[in-house]
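Listed here are the chains, written in short residue letters.
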Amino acid sequence: MIRATSILGGWICGALVAYGQGASGPQTATVARAAAEPGVLVRLVKENEAQREVLLVRRQGDVIFFRLTNSPPGVYSQFKAADWDEAEFKIQIPEQAAYLEASRRQWASAARRLHVAIAPALPFLDLPQNNVFEPAVRTAWYYVRAAQQAARRGEGGQADARTYYTAAYEVFREAGRAASWHPYGQCAAIRATLCLVELGRLDEAEAGLAKLPEPEIGDTAWGVYWLARAQLYYAREQPRYALEAAILSYLHENKDVETFPDALMLAAQCYEDVNEVHRARDVYYEVARLFPGTDWGDEARARLVNIMERRMTERPEDPNIAGIFFGTEEDMNEKVRKFLKETEPKLNSSTTGDKQP
Amino acid sequence: MYPHDLLRLNAQTQLERWRLQVRRFQRYLGFARELLRAQETVSEIESELQAIEKIPNYDVELQYRIARGYMETRRLREASELFYALYKDAPPEKKEETLYLSFLCALRIRPADRCLARGHEYMDRYPGGPHYDAVSLGVGQIYAAEQNWPKVLQVLTKALEVHPKHEDIAEVLFLLGYASFMEEKFADAQGYLGRIVKEYPGSEREVDALYWLGMAYMFDRKYEEAQPNFDRILRDFGTAMYAEDALFRSATCDYALSRFEEAERKLLRFLERYPESRLRGEALVTLGDISGALGELEEAVRRYKQGMEVPDLNIELYNHAAFRAGEMLRELQRYDDAIRHFEDYIARARPESNIPLAIYWIGECYWDKGEPEVTLARFLEAVEKYGGDRTELGVDLILEKWVDRTRGAGSHGRAAWSRLRDLLRRALESRQYTLALRLERVLMYSPETSDTEKEAMRKFILRPESLKWASAGVLEWIVQEAAASQPQLAREAAETLVRDFTETDYALSARQLIAEQAIAEKNWDLAIVQYNIIREVFATSDAAADALLKLGKLYQEKGEYDLADQAYRDFLAAKEWKARWPEALYERGRLWMARGRYEEAAAYFERIYVLYGGHKEWVGRAYLARAECLAKLGRFRGAIETLEEFVGRPEYADLPEVAQAREMQERLKAKL
């Protein structure tokens, strides 16, 4: 619901607030300041009503402070994001260059390039239908990829990985403001908590998740929410709970590639941890089959090789209740052995470079 | 393959995005081509949405197949979760099956809380449903695996109520029987297990039922009823895993029924047939008991000692064997052997060995050998070493014997008292209150302790602060000493005894005191609790007999006549108390009188003087009471005849009731 005063009143009748001072401060003093003030130009649209181009300067809670482009610097009005239907930030986003870098797995460079461009708009991503939310999410993802890439370098990459996860966390957190209007907004907020888990800031991650509403089956955020829960449990060394949460993640979501393989891999790891190695084998097999040529696929295949070489699943299982109920049964060990043979890496093949996770 | 709902949702999301694009292009000039393209896309998505709407929703079927796929590949967590989600959304005809399948998958998942939740939901939602039997049994089995016996009873009793012809009736009855046994509801256990044997012969549970039925009777002390079940296993199921145990239990029944030769024969066969049995030690100790009962002390000692050598022999049996063997050696006057035996016992010092008690017996052997100074030295050694531990009951036993042993030891006795006094001083200095309390209690009986000192010691012990330090012996003394003068302290001491020394004989007198005080305060419930514990814990003792009679009276006082009658019946069922049956019959008669049932009461009184004429102390009362009953029924002539019979019998002439009978006769004649 748009407040009547927010359209015109926001411009004309709204309280004038001194930049950097309390509302009760002398207005004349504020006019003299703010020669080189920070801000981001945005076009705000109200369906079938007004359009305005304004400079957003800061926010305090829900309230966004702005000035008209032709107003003297230092004099601001305010509105709330929900007062508008659309927003278009007037910033140049180097999408093409970033995409090129990303396609070369130069994740950190791509992330930084985007980040510099979108940074002024980040505090205002709750403006509906804005054009920066999606690049912001892309930026955060590039940081995550950069962190994963750095982590794979081993000890030497750990510091970089932390830096990138921290940056990813900050961008995701800001992108989380879009939860009010974009279906991925809540996912971004949850992704922020996942970054916290990676950073070992578990209590903060827990608190962050607790503030978010628990999604229902069918919600976009379902998969990532339960993945975050699973990662938290796992980080707290509770593999049984982590397993349950990971299963919830991939069972009811729409097989989003941003969560589905991670949830499966975590479930497989948990199955190993709770000593249900037959099931770990089955899940690794699923991942290796579904995601060949990716880091997930390669890691799953490596775990399968380990399990099979150590003959960890040779011990026969109890009779399958499904076999009893439906009259079916299959030899998974045999299937896995066949799969491993079929996908055996050729000796002269090169595996250099990072693969897209 | 994507679910129908998801396809529709995705299409709707895309539609909204493209509509927004259209609006954006409409807002600015110069985007005519883009606007046209966006409008075309909107139109295409709208058509797609219409097409999707026309396809019947296949999501339930799709999810069902996915869940089934998980189930078939043993991904039971996933399958259970998905079936359950389906149950929530499925059309009515699929609900029951999906909930059942969710439960079935969860059966193999640990921990079992999810499975139990699904199982209970099924049983609540579909009582008598197509899979009700399987679910109720599964839930019962999980509770059994968790040893949650009350829940087993709750679930499966209900299962039999819902479906008396349960598809796995023998299994359900077995679980009910076993759970009842574990809950010590032996009569119920006998009922359930007996049904398997009688109604379902040949079932897979028959042999299990036989064994546990035997055990249920045995724990109920019904050895006559127990034994045939063990013997049947030996006869018909000789290769069953229970055969070994059944042979041992059968022998135990013989022993309990005092058929010692038969018990011995079976136990020797048992040892020969199962030399590696985990019951070997217990069998040898029982053989020792048998030899002891038959008066063959040398053989008993040999068997006890053999039993003690069996590794891992239960500590209670080990202690029993050790002390019985030592006592017998002493009885055989083989004092040196007895001393050596107890010294070996002390040297082995298994956890929970009763070292002070062993020292006590060593001391007694030296006494018997005529070496009182060694006796007192060993006693002192035990007191000094173990007297600070209030749980060492052997120290209390030594101190109970102390006065007597010092008295007969001449100068050694006086020296021993002196050393005890030194020990007390050191105990007080080092604040070893448990030891100090023990020593003060015994020093009050020292010939060298003045009256003033005695009074000071008495006051020192009779304080509430003493209770937490006091040993069982001291607490018992406080209970007795304070009963009249400081009833509150006596009560607290009794409660401490019961709490801290529950399993010992000391707790008995404490419970009796608590019960007596409760009766004085008309707190029938508390008294009933205490007497019930006495009768259960001290099952065949005289104290248990007294407790049962008290219980009868207390229940009668509360108007709970059936429970009162049950108490008397329990009394009359115990052969050990045969000598006191007339008393129980008399009380039972009184109970029926109180209920106004004079006919039945008269029969009980008559039974006393007909069957137990030798118990003269009850015969007189029985005649009078029967006459009173008949008079109440208006049968004055019968009453007078009863009294005449009593008065006319010369063997009762000296009973005080004769005079009362004569008076009563006169009164009744006047009414004729």
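The model shown is predicted, which means the values in this text are computed figures rather than measured ones.

Caption draft 1: Representation of the interface of chain A and chain B. Taken together, the contact pairs 38 residues of chain A with 32 residues of chain B. Carbon and sulfur atoms supply 51% of the area buried between chain A and chain B, which totals about 3000 Å² over both sides. Counting the contacts that link chain A with chain B gives 7 salt bridges. Where A:Glu276 meets B:Arg77, a salt bridge forms, and the shortest distance between an N and an O atom there is 2.5 Å. Put simply, the parts of the chain that give the side of chain A that touches chain B at least two residues each are strand E2 (40–45), strand E6 (86–89), helix H10 (239–252), helix H11 (260–273), helix H12 (277–290) and helix H14 (321–326) of chain A.

Caption draft 2: View of the domain arrangement of chain A. All names here are of chain A. Assigned domains of chain A: these are domain 1 (4–89), domain 2 (92–212) and domain 3 (229–348). Look at where the C-alpha atoms of domain 2 and domain 3 centre, and you get two points 29 Å apart. At the junction of the two partners, domain 2 supplies 12 residues and domain 3 supplies 8 residues. Taken together, both faces of the contact between domain 2 and domain 3 bury some 980 Å²; the carbon and sulfur share is 52%.

Caption draft 3: A look at the nonpolar core. Of all hydrophobic cores here, the largest spans 179 residues; its most connected members are A:Leu56, A:Phe89, A:Leu127, A:Phe172 and B:Phe83. For this core, the leading source of residues is helix H5 (residues 133–151) of chain A, giving 11 residues. Apart from the residues within four sequence positions on either side, A:Leu56 is in contact with A:Pro38, A:Gly39, A:Val40, A:Val42, A:Ile64, A:Phe65, A:Phe66, A:Phe79, A:Phe89, A:Phe124 and A:Leu127. Counting residues in each nonpolar core, the second largest holds 79 residues, with B:Leu357, B:Trp417, B:Met444 and B:Leu475 among its members.

Caption draft 4: Spotlight on the packing of helix H25 (residues 472–485) of chain B against helix H26 (residues 487–500) of chain B. Residue and element names in this part refer to chain B. Taken N-terminus to C-terminus, the directions of H25 and H26 make an angle of 155 degrees; their axes are 7 Å apart at the nearest point. Judged on the interaxial angle alone, H26 and H25 are roughly antiparallel. Crossing handedness for the pair H25 and H26: left-handed. Counting all contacts with H25, which are made through Ala 472, Leu 475, Glu 476, Ile 478, Val 479, Ala 482, Ala 483, Ala 484 and Ser 485, the residues of H26 involved are Pro 487, Leu 489, Ala 490, Ala 493, Ala 494, Thr 496 and Leu 497.

Caption draft 5: Spotlight on unusual backbone geometry. A cis amide bond, omega -5 degrees, links B:Arg110 with the succeeding residue B:Pro111. Among the structural elements, B:Pro111 can be located in the loop between helix H5 (92–106) and helix H6 (113–125). A positive phi angle, near 65 degrees, is found at A:Asn275, a position not held by glycine. Residue placement: A:Asn275 occurs in the loop between H11 and H12. A:Asn275 gets classed as exposed once you look at its relative accessible area, which sits at 63%.

Caption draft 6: The pairing of strand E3 (residues 51–60) of chain A, seen in detail. Residues and elements named next belong to chain A. As paired strands, E2 and E3 are joined by 6 bridges and run antiparallel to one another. For Val 40, the partnering residue across the bridge sits in E3 and is Leu 56. The hairpin turn running from E2 into E3, its antiparallel successor, is 5 residues long, and Asn 48 in that turn takes a positive phi close to 60 degrees. Examined bridge by bridge, E3 and strand E4 (residues 63–68) share 6 bridges and lie antiparallel to one another.

Caption draft 7: Region of the structure containing the environment of B:Trp592. All names here are of chain B. Inspection of the secondary structure puts Trp 592 in helix H31 (residues 581–594). Distance in space between the C-alpha atoms of Trp 592 and Tyr 604 is 9.0 Å, their sequence separation being 12 residues. Beyond its immediate stretch of four places on either side in the chain, Trp 592 contacts Asp 565, Arg 597, Glu 600, Ala 601 and Tyr 604.

Rules and cut-offs
Residues numbered from 1 in each chain as written. Chains lettered and ligands numbered in written order. Predicted model: local features only at pLDDT ≥ 70, side-chain atom pairs only at ≥ 80, totals over all residues. Heavy atoms only, no water. Contact = heavy atoms within 4.5 Å. Buried area = accessible area lost by both parts, 1.4 Å probe. Salt bridge = Lys/Arg side-chain N within 4 Å of Asp/Glu carboxyl O. Helix = DSSP H or I, 4+ residues; strand = E, 2+ residues; numbered from the N terminus. Domains from an automatic or database assignment. Core = buried A, V, L, I, M, F, W, Y, C linked by side-chain atoms within 4.5 Å. Buried < 20%, exposed > 50% of the residue type's maximum accessible area, 1.4 Å probe, protein only. Axes fitted to C-alpha atoms, helices over the stretch in contact; angles between N-to-C directions. Parallel < 35°, antiparallel > 145°, perpendicular 65-115°, else oblique. Left-handed = near helix turned anticlockwise from the far one by under 90°. Pairing = 2+ DSSP bridges.

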